[in-house]
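Secondary and tertiary structure notes
These are the residues of each chain, in order.
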Amino acid sequence: MLGEDLQWFITLAELERVGAAAERLHIAQPTLSRMLARLERRLGAELFDRFGKRITLNEFGRVYYEHARRAQSELDAAARTIADLTNPAKGVVRLAFLHSFGGWLVPQLVGGFRRGSGGITVTLRQGAAEKLTHLVLDGVADLAIVSPRPAVPGLGWRGLLHQPLVLAVPAEHRLAGRRQVRLADLADAEFITMHPGFGMRRIFDDLCAAADIRPRIAFESSDLMTVSGLVAAGLGVAVLPLEDPAPVGARIGPVTIPLADAGAAREVGLIWSAAAAPSDAVRRFRDFAEDWALRRRGIPTVRR
């Protein structure tokens with residue numbers, strides 16, 4: 001199958017509705033049905049189970065879908081490589097990142113990079129840490145900004161930041177005047193956390209395990225600003241990264257207290273697939289991000 005043929009099958013497999021897939025692909029529904037029938041005859045197996053107007057990938061279809069998706073990623077990578085070779089000043093960087101970096105880190109990196117590489121396009125995607133790892137390994141994203149470093153094989157890593165963690169409490173909380181605090185002092189507190197699968201949730205769970213406490217979770221969220229707002233409203237306490245710069249509205253947000261626990265920091269970095277050959281544009285962004293991080297720490301950079 002050629003790249004365009006792969007695309008229609010992948011779209012159909014992900015939507016599992018012929019009508020919706022045909023609309024997305026801008027082709028007639030009977031045409032898409034005939035394309036699927038020809039493919040199934042060629043393979044000698046049906047790829048979907050039919051339930052009226054709805055179709056569902058069966059065992060054969062799931063196998064074909066996984067291979068088709070990997071093949072499409074390889075074809076996309078080949079096209080990007082050829083584009084880089086024919087015009088090194090252009091290219092595409094597909095960057096994914098955690099939601100909490102959208103307000104400052106990503107704009108700083110992308111803005112600085114584009115000022116020196118105006119011909120390179122940067123596309124953006126957001127999600128939880130686990131989702132970003134899969135996007136990179138599946139070839140959907142070239143790079144991702146994550147925290148903490150994923151404990152998954154097959155990934156490259158380049159550290160960018162080391163963010164201290166703080167305890168966020170309501171202004172009237174009994175600990176609001178403390179200069180520092182340990183999680184062990186909060187064994188009876190109600191916590192507001194990120195949902196499982198997010199990087200900060202993994203860091204929080206590890207810190208609680210090290211402090212030998214089993215936290216009571218009052219609320220879970222997929223956004224750090226929501227967590228901060230819930231704390232400010234007096235609904236619990238939370239472990240948050242010390243953002244740089246301070247988020248908008250921080251002056252009316254919760255009180256933050258440095259954590260004295262060992263390892264109370266989150267490491268932020270770039271990940272990429274170690275098995276994929278990066279394009280020139282991706283290498284340039286990766287190098288720019290590393291130089292940006294070094295300059296931020298006052299370390300001079302030299303690129304030959």
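Residues numbered from 1 in each chain as written. Predicted model: local features only at pLDDT ≥ 70, side-chain atom pairs only at ≥ 80, totals over all residues. Heavy atoms only, no water.

Points about a positive patch on the surface
Judged by side-chain charge, Arg-34, Arg-38, Arg-41 and Arg-42 come together as a positively charged surface patch. Structurally, Arg-42 is set in helix α3 (residues 29–43). (Patch = residues over 30% accessible without salt bridge, like charges linked within 9 Å, V, L, I, M, F, W, Y side chains within 5 Å. Areas by Shrake-Rupley, 256 points an atom, 1.4 Å probe, with all protein chains shown as cover. Salt bridge = Lys/Arg side-chain N within 4 Å of Asp/Glu carboxyl O. Lys, Arg positive; Asp, Glu negative; His and termini not counted. Charge placed at Lys NZ, Arg CZ, Asp CG, Glu CD. Helix = DSSP H or I, 4+ residues; strand = E, 2+ residues; numbered from the N terminus.)

Section: the pairing of strand β1 (residues 48–51)
Of the strand pairs in this sheet, β1 and strand β2 (residues 54–57) are connected by four bridges, and their pairing is antiparallel. The partner of Phe-48 across the bridge, within β2, is Leu-57. (Pairing = 2+ DSSP bridges.)

Some remarks on the packing of helix α2 (residues 18–25) against α3
Closest axis-to-axis distance for the α2/α3 pair is 9 Å, and the angle between their directions is 105°. By the angle between their axes, α2 is roughly perpendicular relative to α3. Seen from α2, the contacting residues are Val-18, Gly-19, Ala-21, Ala-22 and Leu-25; seen from α3, they are Gln-29, Leu-32 and Ser-33. Within the contact of α2 with α3, the residues separate by chemical class into five nonpolar, three polar and no charged. (Axes fitted to C-alpha atoms, helices over the stretch in contact; angles between N-to-C directions. Parallel < 35°, antiparallel > 145°, perpendicular 65-115°, else oblique. Contact = heavy atoms within 4.5 Å. Nonpolar A, V, L, I, M, F, W, Y, C, P; charged D, E, K, R; others polar.)

Structural notes on the pattern of salt bridges
Scanning the model with the defined rule gives 13 salt bridges in all. Here Glu-220 and Arg-201 are joined by a salt bridge, their closest N and O atoms 2.8 Å apart. Linking Glu-220 in strand β8 (residues 216–221) with Arg-201 in helix α7 (residues 199–210), this pair joins segments that are 19 residues apart in sequence. The partly exposed category is assigned to Glu-220, whose relative accessible area is 36%. (Buried < 20%, exposed > 50% of the residue type's maximum accessible area, 1.4 Å probe, protein only.)

A few points about the side chain of Glu-40
Summarising the element assignment, Glu-40 is placed in helix α3. Relative accessible area serves as the criterion here: at 9%, Glu-40 is assigned to the buried category. If we ignore the near neighbours within four places in the chain, the residues touching Glu-40 are Ala-45, Glu-46, Leu-47, Phe-48 and Arg-50.

Brief notes about the environment of Ala-176
One can find Ala-176 in the loop between β6 (155–169) and β7 (190–194). Sequence separation of Ala-176 and Lys-131 is 45 residues, and the distance between their C-alpha atoms is 35 Å. Setting aside chain neighbours within four positions, we find Ala-176 in contact with Val-169, Pro-170, Ala-171, Val-255 and Ile-257.

Some words on unusual backbone geometry
Phi is mostly negative for residues that are not glycine, and the peptide bonds are mostly trans. With an omega dihedral of -5°, the bond running from Ser-147 to Pro-148 counts as a cis peptide bond. Along the chain, the position of Pro-148 falls in the loop between β5 (143–146) and β6. Here the phi dihedral of Glu-16 falls at roughly 55°; this positive angle occurs in a residue that is not glycine. When you line up the elements, Glu-16 lands in the loop between α1 (3–15) and α2.

Considering the environment of Glu-14
Looking at the element boundaries, Glu-14 is found in helix α1. Remark: the alpha-carbon pair of Glu-14 and Tyr-65, spanning 51 residues in sequence, is separated by 9.0 Å. Of note is the side chain of Glu-14, whose polar atom sits 2.7 Å from the side chain of Tyr-65. (Polar contact = N/O pair within 3.5 Å; in protein donor to acceptor, adjacent residues only side chain to side chain.)

A look at the pairing of β2
Side-chain alternation along β2 places Ile-55 and Leu-57 on a buried face and Arg-54 and Thr-56 on a face that remains uncovered. Linking two consecutive strands that pair antiparallel, namely β1 and β2, is a turn of two residues; a positive phi of about 65° is found at Gly-52 within it.

Some thoughts on the confidence of the model for the protein
Interpreting fine coordinate detail is not advised for predicted regions of low pLDDT. With 91% of its residues at a pLDDT of 70 or more, the protein has an overall mean of 87. Contacts for the low-pLDDT stretch residues 245–251, under 50 throughout, to residues beyond four places or in other chains number four contacts. (pLDDT = per-residue confidence, 0-100.)

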